[in-house]
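Structure assessment
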Amino acid sequence: MTDAPPRIALTRPVSDAMAGCELTHVQRAPIDVALARTQHRAYCAALCDAGLHVIDVPHAPALPDSVFVEDTSVVLDEVAVITRPGAASRRGEVDAVAELLASYRTVVRMREPATLDGGDVLRIGQTLFVGSSGRSNAAGMAQLLEAVKPFGYRVVPVPLTGCLHLKTAVTAVASDLLLINPQWVDRAVFGDMRSVEVSPDEPFAANALLVEERVIYPTDFPKTAAAMRAAGVRVQAVDVSELAKAEGGVTCCSIIFTA
Ligand code: CIR
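Just so it is clear, the model here is predicted, and its values are computed rather than measured. (Residues numbered from 1 in each chain as written. Predicted model: local features only at pLDDT ≥ 70, side-chain atom pairs only at ≥ 80, totals over all residues. Heavy atoms only, no water.)

Residues in close proximity to the ligand total 14 residues, the closest being E22, D65, E70, R135 and A246. Within the side chain of D65, a nitrogen or oxygen atom sits 2.7 Å from a nitrogen atom of the ligand. A distance of 2.8 Å is found between an oxygen atom of the ligand and a side-chain nitrogen or oxygen belonging to R90. In isolation the ligand exposes 350 Å². Once the protein is present, 98% of that is buried. According to the grid-proximity analysis, the pocket containing the ligand is the largest cavity. In terms of residue class, the shell around the ligand is built from four nonpolar, three polar and seven charged. (Near = heavy atom within 4 Å. Polar contact = N/O pair within 3.5 Å; in protein donor to acceptor, adjacent residues only side chain to side chain. Areas by Shrake-Rupley, 256 points an atom, 1.4 Å probe, with all protein chains shown as cover. 1 Å grid on protein atoms, 1.4 Å probe; cavity = no way out; pocket = protein on both sides within 12 Å on 5 of 7 lines; lining within 4 Å. Sits in = over half its atoms within 2 Å of the grid points. Nonpolar A, V, L, I, M, F, W, Y, C, P; charged D, E, K, R; others polar.)

Listed below in C-alpha cells is the structure:
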C-alpha cells in the first residue's frame, strides 16, 4: 500500500506594511498588525488541525497584501497558473509563490494585458467560475482558459456587484452545497446546486474555506454559521477580524492542493 500524497496549504506571513493594504468596498480602519499575526497563526493551526501540511511562502514585509496568497495563483491537479493581480501594488507578490509552486506543478504565467485574482476563481468540478470583478478582466479569463482547457476545464465568467471578488459572494461548503450572498451574485449561474444564504445582516459571510470535510469560518458571522450547521456542515470557527479590515477572508490566506 502506498501513502496518499500530502495535502499542502501555502500561506504567507502578515506583512509589516499591512496597514497600507488595498481597500475597495471596506472603510479603512486601524489594523493591529500584532493581533493580525496572532489570528493568522491560529488560522494556520486550523489548517494543520485539518491534516494539511502548511508551508510558508517567504515573508514579504514591504508588500501590504501579501498574506492574501490566494490571489496569486490558480492551482489545479494538472497545472499552476500564476496570476497577474488586478491591483498593481500586488504584482510583486507572485514571483515567490511561482518559485514554490514550481516544485509541485508545471507553472504557467499570465501576461499583460491579463489581470486576474485567485479570489475570483471558484472551482466546482471541471468548471472554473470567474468573477467579472474590478480585478479580473477578459484577457485574464482567456489566458486562464488557454492554460486549463487541455485538461478538460471550462471557464465561466460570472457578473458580480458590490463586492471585491467572486469568493466574497459565494463559496462551496460541501461538494454539492454553496454558501451565497444573493445580493452580490445570481444563484442561477450555478444551476441547481443547493445553497445556504448568508444572513441578510451578515453580508460578508459567504467566504468560507472548505478543507477535508470541514469549513474554516470567521467567528464574526454566527447567524450564517448556525444556518450552515443546520444544513449539516461542520464549522470550525477562527477569529480573523483584523484580516477582514484588510478586506480579506478565510479563503484568501491559503493555496490548497495535493502534492
Ligand atoms: C486586496 O484588496 O487585494 C486585499 N486588501 C484583499 C484581498 C483579499 N483576497 C481575496 O479575497 N482573495
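So, about helix α5 (residues 222-230). Buried residues of α5: T224, A225 and M228, and no others. Down the axis of α5, the smallest arc covering the buried residues is 105 degrees, so these residues share one side. Exposed side chains of α5 directed beyond 90 degrees from the buried face belong to P222 and A230. Its buried side turned inward, α5 meets β9 (170-174), β10 (177-180), β11 (194-197), β13 (214-218) and β14 (235-238). (Buried < 20%, exposed > 50% of the residue type's maximum accessible area, 1.4 Å probe, protein only. Helix = DSSP H or I, 4+ residues; strand = E, 2+ residues; numbered from the N terminus. Arc of directions from axis to C-beta. Contact = heavy atoms within 4.5 Å.)

We now examine the nonpolar core. Core analysis: the largest hydrophobic core is formed by 26 residues, its most contacted members being M18, Y43, L47, F68, I216 and L243. At the level of elements, α1 (33-49) and β12 (209-211) are the ones that each hand at least two residues to this core. Here this core gets six residues from one element, more than from any other, and that element is α1. (Core = buried A, V, L, I, M, F, W, Y, C linked by side-chain atoms within 4.5 Å.)

Let us look at the sheet that holds strand β6 (residues 121-124). Ordered by their spatial adjacency, three strands build an open sheet running β6-β7-β8, and the pairing between neighbours is mixed. The two strands at the open ends of the sheet, each matched to only one other strand, are β6 and β8 (154-159). Mean inter-strand twist for the sheet, computed between neighbouring axes without regard to direction, equals 25 degrees. As judged from the six bridges shared by strand β7 (residues 127-132) and β8, these two strands associate in the parallel manner. Within the sheet, the bridge partner assigned to F129 lies in β8 and is V156. (Pairing = 2+ DSSP bridges. Axes fitted to C-alpha atoms, helices over the stretch in contact; angles between N-to-C directions.)

Attention now goes to the sheet that holds β14. Note on sheets: strands pair through backbone hydrogen bonds, and any given pair is parallel or antiparallel. Across the sheet, three strands lie side by side as β12-β13-β14; this open sheet has mixed pairing. A strand with exactly one partner marks an edge of an open sheet, and here the two such strands are β12 and β14. Averaged over all neighbouring strand pairs, the angle between strand axes comes to 30 degrees, with direction disregarded. Sheet analysis places β13 next to β14, joined by four bridges and oriented parallel. Bridge pairing in β14 links I216 to Q236. Against the sheet, α1 contacts β12, β13 and β14, and its axis sits at roughly 170 degrees relative to β13.

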